[in-house]
Amino acid sequence: MRSVPERDAACAIAQAAAVVGDWWSLLLIRETARGHHRFDALQEELGISRKVLTERLAHLVETGVLEKVPYQERPTRHEYRLTESGRGLLPVLLSMQDWADRWLLGDGSLSGTADETSAEARRVADLTGRRLPRLRLPGHRDGAPVDPVADGVATVLFCYPATGSPSPLPEGWSHIPGTVGCTLENRLFRDAYEDFRAAGAEVHGVSTQRPDEQRVFANQEDIPFTLLSDVDLRLAAALRLPTFRAGQLLRLKRTVLVIDRDGTVRHARFPVTDIPAAVSEALAEVRRLAAEDRPVGDERIPAHGNQRSAWDAGCEPDLPNPEHR
């Protein structure tokens, strides 16, 4: 947390580095994007000392990246949430992740997929059992915000790089491993949609294309479910989803998630090398969750416990801590 020297006063890079150039500050933005908003949760996730955490949180609040939001009275306790300014940093974090996945953790090649033993695959596998933070993404029909987790037994989120309609794909797209098959994947989920609905599940496709681009494609292909636009990379940041850069844009690598009614990831598939098999696998997982969600007597037993109220509140269970005051 350094002040900007006079010689760099007009340099926007230096000004940004003074705000978020610190290791802990960047990781705090990462964790708040992932849904960890309270002091104890942040400390547990990062293994940071209470003194340093207090200093970094105060700095990010002072610079307008985070805001303190009260969640309890008597005594008053606060949680830390990204401001509009803070959310504007999410593409920066995803660009850093993408760069490191390719050049530090990978072999430097451009790819829309990854090896099953890669760091990206391990991150996706670790999503199982984790809960999505509360967020909404623009839907393709009118751009209105949509909760990625629908009502019902489960929601299938399938992430894909991009479709070639209506906008042309970047030059050399078909030569990037893992990019081909986005239209096929949408069609396969479309053709199996009634089976998913019969099992009590909803389906959402997710890409970083704009909602209006998705709308043209959905109309052309008679897509019955809602496509969600992660153009601002909020979902990608929340889940640290694998991406790659093509045509100067970050694209989601093909990933399939099955999420239960409480917002908890119950199944995660990455890489997706066999698209028909991935669709069948997702349907089998939905049917398994539906069997767990069967009625018992006069009451329905949720598939993953009764945690919806806390998740709806967009926060984690209360943890007493004097530093929340």
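As the structure is a computational prediction, the values presented were derived from the model and not from experiment. Along each chain, numbering runs from 1 in the same order as the chain's sequence is written. pLDDT decides what is reported in this predicted model: residues at 70 or higher carry local features, side-chain atom pairs at 80 or more are listed and counted, and totals for whole chains, interfaces and linings draw on all residues regardless. Water and hydrogen atoms were dropped before computing side-chain values, which therefore reflect all heavy atoms in the structure.

**A look at unusual backbone geometry**
Part 1 of the reasoning: In this chain, arginine 74 is followed by proline 75 through a cis amide linkage whose omega measures 0°.
Part 2 of the reasoning: Note on conventions: DSSP H or I runs of at least 4 residues are helices, E runs of at least 2 residues are strands, and numbering of each starts at the N terminus. The residue proline 75 is located in the loop between β1 (66–72) and β2 (77–82) in this model.
Part 3 of the reasoning: A cis amide bond, omega 10°, links serine 165 with the succeeding residue proline 166.
Part 4 of the reasoning: The residue proline 166 is located in the loop between β5 (154–159) and α8 (182–191) in this model.
Part 5 of the reasoning: Here arginine 240, not a glycine, exhibits a phi torsion of approximately 50°, which is positive.
Part 6 of the reasoning: Inspection of the secondary structure puts arginine 240 in the loop between α11 (234–239) and β8 (243–246).
Part 7 of the reasoning: With phi around 65°, glutamine 248 is a residue other than glycine that occupies positive phi space.
Part 8 of the reasoning: Along the chain, glutamine 248 falls in the loop between β8 and β9 (249–252).

**A look at the sheet that holds strand β7 (residues 226–229)**
Part 1 of the reasoning: Two strands pair if DSSP finds at least two bridges between them. Spatial strand order, β7-β6-β5-β10-β11: 5 strands in an open sheet with mixed pairing. Pairing within the sheet leaves two strands with one partner each, and these edge strands are β7 and β11 (265–269). Each strand of the sheet is rotated relative to its neighbour by a mean of 20°, with strand direction disregarded.
Part 2 of the reasoning: Relative to strand β10 (residues 255–260), β5 runs antiparallel, the two sharing 6 bridges. Within β10, the position partnered with alanine 154 by the bridge is aspartate 260.
Part 3 of the reasoning: Throughout, a residue-residue contact means that at least one pair of heavy atoms, one from each residue, lies within 4.5 Å. Working convention: axes come from line fits to C-alpha atoms, limited for helices to the stretch in contact. Angles between N-to-C directions cover 0 to 180 degrees. On the sheet, helix α10 (residues 211–221) packs against β6 (201–207) and β7 and is oriented at approximately 155° with respect to β7.

**Remarks on the environment of valine 216**
Part 1 of the reasoning: Turning to its location among the elements, valine 216 is positioned in helix α10.
Part 2 of the reasoning: In this structure the C-alpha to C-alpha distance between valine 216 and serine 167, which are 49 residues apart in sequence, comes to 9.6 Å.

**Structural notes on the side chain of arginine 123**
Part 1 of the reasoning: Tracing the chain through its elements places arginine 123 in helix α7 (residues 119–125).
Part 2 of the reasoning: The cut-offs for exposure are 20% and 50% of the maximum accessible area for each residue type, with area from a 1.4 Å probe on protein chains only; residues under the lower value are buried, those over the upper are exposed, and the others partly exposed. Judged by its relative accessible area of 15%, arginine 123 is buried.
Part 3 of the reasoning: Among the polar contacts listed, one links the side chain of arginine 123 to the side chain of aspartate 101, at a separation of 2.8 Å.
Part 4 of the reasoning: Look past the residues within four positions of arginine 123 in its chain and what remains in contact with it is Gln97, Asp101, Arg240 and Pro242. Distance and chemistry together define a polar contact, namely a pair of N or O atoms within 3.5 Å, with one atom able to donate a hydrogen and the other to accept it when in protein, and with adjacent residues in sequence counting only for side-chain atoms on both sides.

**Examining the environment of serine 207**
Part 1 of the reasoning: Along the polypeptide, serine 207 turns up in strand β6.
Part 2 of the reasoning: Contact partners of serine 207, with chain neighbours within four places excluded, come to Tyr160, Pro161, Gln214, Leu228, Ser229, Asp230, Val231 and Leu252.
Part 3 of the reasoning: Separated by 3.0 Å, the side chains of serine 207 and glutamine 214 make a polar contact.

**Some details on the confidence of the model for the protein chain**
Part 1 of the reasoning: Per-residue confidence from the predictor is reported as pLDDT, which spans 0 to 100. Of the residues in the protein chain, 90% have a pLDDT of 70 or more, and the chain-wide mean is 91.
Part 2 of the reasoning: Note that pLDDT drops below 50 for residues 300–325; the model gives that stretch 82 contacts with residues more than four away or on any other chain.

**Side note on the pairing of β11**
Part 1 of the reasoning: With 4 bridges joining them, β10 and β11 adopt antiparallel strand pairing. Along β11, the bridge assignment pairs valine 258 with histidine 267.
Part 2 of the reasoning: The loop that links β10 with its antiparallel partner β11 comprises 4 residues; one of these, glycine 263, has a positive phi angle of about 85°.

**A closer look at the packing of helix α2 (residues 23–33) against helix α3 (residues 39–46)**
Part 1 of the reasoning: Two elements in contact, α2 and α3, have axes separated by 11 Å at closest approach and are oriented at 115°. The crossing of α2 and α3 is right-handed. Here Trp24, Leu27, Leu28, Arg30, Glu31 and Thr32 of α2 come into contact with α3, specifically with Leu42, Glu45 and Leu46.
Part 2 of the reasoning: In terms of residue class, the contact of α2 with α3 is built from 5 nonpolar, 1 polar and 3 charged. In this scheme the crossing of two helices becomes right-handed for a clockwise turn of the near helix relative to the far one and left-handed for an anticlockwise turn of less than a right angle. Side-chain classes are defined by residue name, with Ala, Val, Leu, Ile, Met, Phe, Trp, Tyr, Cys and Pro counting as nonpolar, Asp, Glu, Lys and Arg as charged, and the others, Gly among them, as polar.

**Overview of the nonpolar core**
Part 1 of the reasoning: In terms of nonpolar packing, the biggest core is built from 46 residues, with Ile29, Leu57, Leu132, Leu157, Val206, Leu235 and Leu241 touching the most fellow members.
Part 2 of the reasoning: Leaving out residues up to four positions away in the same chain, leucine 235 has contacts with Leu132, Leu135, Leu137, Leu157, Val206, Asp230 and Leu241. In this text, buried Ala, Val, Leu, Ile, Met, Phe, Trp, Tyr and Cys residues form a nonpolar core when linked through side-chain atoms within 4.5 Å.

**With respect to the pattern of salt bridges**
Oppositely charged side chains are able to pair whenever their charged atoms sit close together.
Part 1 of the reasoning: Each salt bridge in this description consists of a side-chain nitrogen of Lys or Arg and a carboxyl oxygen of Asp or Glu lying within 4 Å of one another. Overall, the coordinates contain 25 salt bridges when judged by the stated rule.
Part 2 of the reasoning: As a salt-bridge pair, arginine 34 and glutamate 45 come within 3.8 Å of each other at their nearest N and O atoms. Here arginine 34, found in the loop between α2 and α3, pairs with glutamate 45, found in helix α3; they are 11 residues apart in sequence, far enough to count as distant.
Part 3 of the reasoning: Residue classification places arginine 34 among the buried positions, given a relative accessible area of 11%.
Part 4 of the reasoning: Put simply, arginine 210 and aspartate 212 hold a salt bridge, and the shortest N to O gap is 3.0 Å.
Part 5 of the reasoning: By relative accessible area, which is 33% here, aspartate 212 ends up partly exposed.
Part 6 of the reasoning: Through salt bridges with shared partners, a single network forms among Asp260, Arg266, Glu285, Arg288 and Glu292.

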